[in-house]
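Chain residues, written in single-letter form:
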Amino acid sequence: MAERPEDLNLPNAVITRIIKDMLPEGVAVAKEARSAIARAASVFVLFATSSANNLAQKHKKKTVSAQDTFLALKEMEFDKFIEPLQESLEVYKRSQQNKKEQKEAKAKAKKAEEADKNSGSVEDNSEDGDVSNTMEASLTTDKENDDVMEIAE
């Protein structure tokens with residue numbers, strides 16, 4: 001766990017970005033206000049995490065799940081946040097699934113490309129073999145022609 005209470009605070013840059021995104025343009029927020037919001041957000045996250053962890057332990061689980069978090073929010077009387085968070089979680093899951101599928105498709109395409117290159121090398125070698133066989137046949141035919149010419153003379 002954290003050695004100092006300050007280590008548990010959310011990063012100021014993240015808090016500042018959230019504040020700027022949520023307020024109309026041109027609205028200034030004092031440094032003390034940003035600091036207070038950052039502390040409040042950190043306390044909220046710690047409280048929600050602790051509540052979700054307690055619920056998980058109550059159900060004899062070692063891992064806190066999203067369901068534990070939603071139940072903790074309900075227990076904390078933040079019911080109105082549950083539905084938007086569930087929707088955000090679904091969007092996140094779909095996003096992760098799409099990334100995974102794209103990565104798998106890319107790997108599959110790369111594997112197919114490598115297989116094509118390898119089969120292309122084999123084809124190149126077989127083509128070289130065909131050339132060698134053609135050259136041997138040509139030499140044999142020339143030799144036979146010379147033999148036929150000698151007989152004819």
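Reading guide: rules and limits
- Residues numbered from 1 in each chain as written.
- Predicted model: local features only at pLDDT ≥ 70, side-chain atom pairs only at ≥ 80, totals over all residues.
- Heavy atoms only, no water.
- Axes fitted to C-alpha atoms, helices over the stretch in contact; angles between N-to-C directions.
- Helix = DSSP H or I, 4+ residues; strand = E, 2+ residues; numbered from the N terminus.
- Parallel < 35°, antiparallel > 145°, perpendicular 65-115°, else oblique.
- Contact = heavy atoms within 4.5 Å.
- Nonpolar A, V, L, I, M, F, W, Y, C, P; charged D, E, K, R; others polar.
- Left-handed = near helix turned anticlockwise from the far one by under 90°.
- Patch = residues over 30% accessible without salt bridge, like charges linked within 9 Å, V, L, I, M, F, W, Y side chains within 5 Å.
- Areas by Shrake-Rupley, 256 points an atom, 1.4 Å probe, with all protein chains shown as cover.
- Salt bridge = Lys/Arg side-chain N within 4 Å of Asp/Glu carboxyl O.
- Phe/Tyr/Trp six-rings, centres within 6.5 Å; stacked < 30°, edge-to-face > 60°.
- Buried < 20%, exposed > 50% of the residue type's maximum accessible area, 1.4 Å probe, protein only.
- Core = buried A, V, L, I, M, F, W, Y, C linked by side-chain atoms within 4.5 Å.
- pLDDT = per-residue confidence, 0-100.

Considerations on the packing of helix α1 (residues 12-22) against helix α2 (residues 31-58)
If you want to describe how two helices pack, look at the angle between their axes and the distance between the axes. The N-to-C vectors of α1 and α2 enclose an angle of 105 degrees; their axes lie 10 Å apart at closest approach. The angle between α1 and α2 places the two elements in the roughly perpendicular class. Contacts from N12, I15, T16 and I19 in α1 reach R34, I37, A38 and A41 in α2. When its residues are assigned to classes, the contact of α1 with α2 shows five nonpolar, two polar and one charged.

A word on the packing of α2 against helix α3 (residues 66-75)
Packing of α2 against α3 leaves a shortest axis separation of 8 Å and a crossing angle of 115 degrees. When the axis of α2 is compared with that of α3, the two are roughly perpendicular. The handedness of the crossing between α2 and α3 comes out as right-handed. Contacts between α2 and α3 involve F44, A48, S51, A52, L55 and A56 from the first element and D68, T69, L71, A72, L73 and E75 from the second. The residue makeup of the contact of α2 with α3, split by class, is eight nonpolar, two polar and two charged.

What about a nonpolar patch on the surface?
Residues I18, M22, L23 and V27 make up a contiguous nonpolar surface patch of roughly 380 Å² in combined accessible area. Within the secondary structure, V27 is located in the loop between α1 and α2.

Quick look at the packing of aromatic side chains
Per the counting criterion, the structure on display carries two aromatic pairs. Plain terms: the ring middles of F78 and F81 are 5.6 Å apart, the flat faces sit at 45 degrees to each other, and that makes the pair tilted. For F78, a relative accessible area of 28% puts it in the partly exposed group. A relative accessible area of 40% means that F81 is categorised as partly exposed. What links up through ring pairs into an aromatic cluster is the set F44, F78 and F81.

Some details on the nonpolar core
Of all hydrophobic cores here, the largest spans five residues; its members are A48, F70, L73, M76 and I82. Setting aside residues up to four positions removed in sequence, M76 forms contacts with F44, F47, A48 and S51.

Comments concerning the confidence of the model for the protein chain
For the protein chain, the mean per-residue pLDDT works out to 81, and 74% of the residues sit at or above 70. Scored below 50 in pLDDT, residues 122-141 makes zero contacts in the model with residues more than four places away or belonging to other chains. Scored below 50 in pLDDT, residues 147-153 shows zero contacts in the model against residues more than four places distant or in partner chains.

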